[in-house]
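# Architecture and fold: a report
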Amino acid sequence: MSEAGKKILLVAACALLDQDGRILLAQRPEGKSLAGLWEFPGGKVEQGETPEETLVRELDEELGIKTKIACLAPLTFASHTYETFHLLMPLYVCRRYEGIAHGREGQALKWVKPQALRDYPMPPADEPLIPFLQDLL
């Protein structure tokens, strides 16, 4: 299939920041594609949802974190071609939320200083987002 013929998948991601300026990474669980790699939390934008609505829903479902659309600041985006689809992934920064993040789907979580992000193997679409976060923080 040509690059132009691939399905575009829209996924929203969030750089959740704690008070120490660390970023939350989640490890992709066994059985999922790219299992074991570390990523920014988020998920697939469902029909009729905005990326911001997706993140409010996904952060609650995956991490037990409550936030509002007004607390999500767009930072950058990734555009990456995988074998069977093309991923378009806006990345938002969130500093204001309620709750303590925990892996509600059994995934490992880690709070990471911006300069240490490259120490964690990530999916190809997530890696280009690192310099934007390091510049911001």
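Residues numbered from 1 in each chain as written. Predicted model: local features only at pLDDT ≥ 70, side-chain atom pairs only at ≥ 80, totals over all residues. Heavy atoms only, no water.

Turning to helix H1 (residues 51-63), a few remarks are in order. For H1, with 13 residues, the first-to-last C-alpha span of 17 Å sits near the 18 Å given by 1.5 Å per residue. Those residues of H1 that are buried are in contact with strand E1 (7-16), strand E2 (23-27), strand E4 (42-44), strand E5 (72-81), strand E6 (85-94) and strand E7 (109-112). Following H1 by one or two positions, glycine 64 adopts a phi angle in the positive range, close to 70 degrees. (Helix = DSSP H or I, 4+ residues; strand = E, 2+ residues; numbered from the N terminus. Expected span 1.5 Å × (residues − 1). Contact = heavy atoms within 4.5 Å.)

Taking burial as the measure, the 5 residues of E2 include 4 buried ones, the bulk of the element. Looking at chain direction, E2 and E7 are connected through 4 bridges and run antiparallel. Bridge pairing in E7 links alanine 26 to leucine 109. By the bridge criterion, 2 bridges tie E2 to strand E3 (residues 38-39) in an arrangement that is antiparallel. The partner of alanine 26 across the bridge, within E3, is glutamate 39. (Buried < 20%, exposed > 50% of the residue type's maximum accessible area, 1.4 Å probe, protein only. Pairing = 2+ DSSP bridges.)

Reading across from one edge, E3-E2-E7 is the order of the 3 strands in this open sheet, with antiparallel pairing throughout. At either end of the open sheet lies a strand with only one pairing partner, and these are E3 and E7.

Another aspect to go through is the UniProt feature "binding site: Mg(2+)" (unreviewed entry) in the chain. According to UniProt, the "binding site: Mg(2+)" (unreviewed entry) feature falls on Gly42 and Glu62. A compact arrangement is adopted by the annotated residues: their sequence extent is 21 residues, whereas the largest C-alpha distance between any two is 8.2 Å. Lining residues of the largest pocket, restricted to the annotated ones just named, are Gly42 and Glu62. Following the sequence through the fold, glycine 42 ends up in strand E4. On the basis of relative accessible area, glycine 42 is assigned to the buried category, the value being 16%. Ignoring any residue separated from it by four or fewer positions in sequence, one finds glycine 42 in contact with Ala12, Ala13, Leu55, Glu58 and Glu62. (UniProt positions renumbered as here; feature names shortened; annotations may be inferred. 1 Å grid on protein atoms, 1.4 Å probe; cavity = no way out; pocket = protein on both sides within 12 Å on 5 of 7 lines; lining within 4 Å.)

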